[in-house]
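A closer look at the structure
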Amino acid sequence: MDTEGLSVICAGLGYVDEDDSGNRIGHAKTDYCLELKDLLRSLKRDDPQSRPVFKQVCKWNTVSKDLIPIIEYCQDDRNLVLNAVLVFLTMPIEASSNGISQQIEYLWGLKSSITHSNTNAVVMSLL
């Protein structure tokens with residue numbers, strides 16, 4: 001796995017805008033926000049046995065820090081939001097992979113992040 005390349009992809013997703021109190025008020029897309037497709041590609045090509053890309057993305061908390069804010073605050077960019085949702089769908093656990101218990105823990109964290117945000121309402125409004 002190319003950790004440096006993955007880091008560049010994740011860093012290029014943008015950043016959360018905050019008010020003076022530290023509350024989220026938006027998400028600023030960078031010129032490289034379309035690298036979300038590269039993240040999808042990396043997850044799809046992830047080694048099904050060791051899942052290094054999946055695990056690293058989870059360790060970096062990319063879903064909570066970047067993908068959920070994209071879904072919540074970039075609703076006007078339908079393709080971007082749908083690509084962010086696709087990232088979730090490409091992260092299921094492979095039954096033959098190693099470290100299934102760790103992967104389950106990561107997925108619980110992802111699901112928790114999704115349910116504690118406005119993500120579901122945004123996705124439903126796009127359907």
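Residues numbered from 1 in each chain as written. Predicted model: local features only at pLDDT ≥ 70, side-chain atom pairs only at ≥ 80, totals over all residues. Heavy atoms only, no water.

One way to put it is that helix 4 (residues 62-73) packs onto helix 7 (residues 119-126) with a least axis distance of 9 Å and a crossing angle of 50 degrees. Overall, the two elements helix 4 and helix 7 adopt an arrangement that is oblique. Seen along the crossing, helix 4 lies across helix 7 with a hand that is left-handed. Between helix 4 and helix 7, the contacting residues are Ile68, Ile71 and Glu72 on the first element and Thr119, Val122 and Val123 on the second. Of the residues in the contact of helix 4 with helix 7, the class split is 4 nonpolar, 1 polar and 1 charged. (Axes fitted to C-alpha atoms, helices over the stretch in contact; angles between N-to-C directions. Helix = DSSP H or I, 4+ residues; strand = E, 2+ residues; numbered from the N terminus. Parallel < 35°, antiparallel > 145°, perpendicular 65-115°, else oblique. Left-handed = near helix turned anticlockwise from the far one by under 90°. Contact = heavy atoms within 4.5 Å. Nonpolar A, V, L, I, M, F, W, Y, C, P; charged D, E, K, R; others polar.)

Before going further, it helps to examine the pattern of salt bridges. A complete count under the given rule lists 2 salt bridges for this structure. Across the pair arginine 41 and aspartate 38 runs a salt bridge, and its minimum N-O distance is 2.5 Å. Here arginine 41 pairs with aspartate 38, and both are found in helix 2 (residues 36-44), just 3 residues apart, close to one helical turn. You can call arginine 41 partly exposed: its relative accessible area is 37%. Residue aspartate 46 is joined to arginine 51 by a salt bridge in which the shortest nitrogen-to-oxygen separation is 3.7 Å. Just as aspartate 46 is buried, arginine 51 falls in that class too. (Salt bridge = Lys/Arg side-chain N within 4 Å of Asp/Glu carboxyl O. Buried < 20%, exposed > 50% of the residue type's maximum accessible area, 1.4 Å probe, protein only.)

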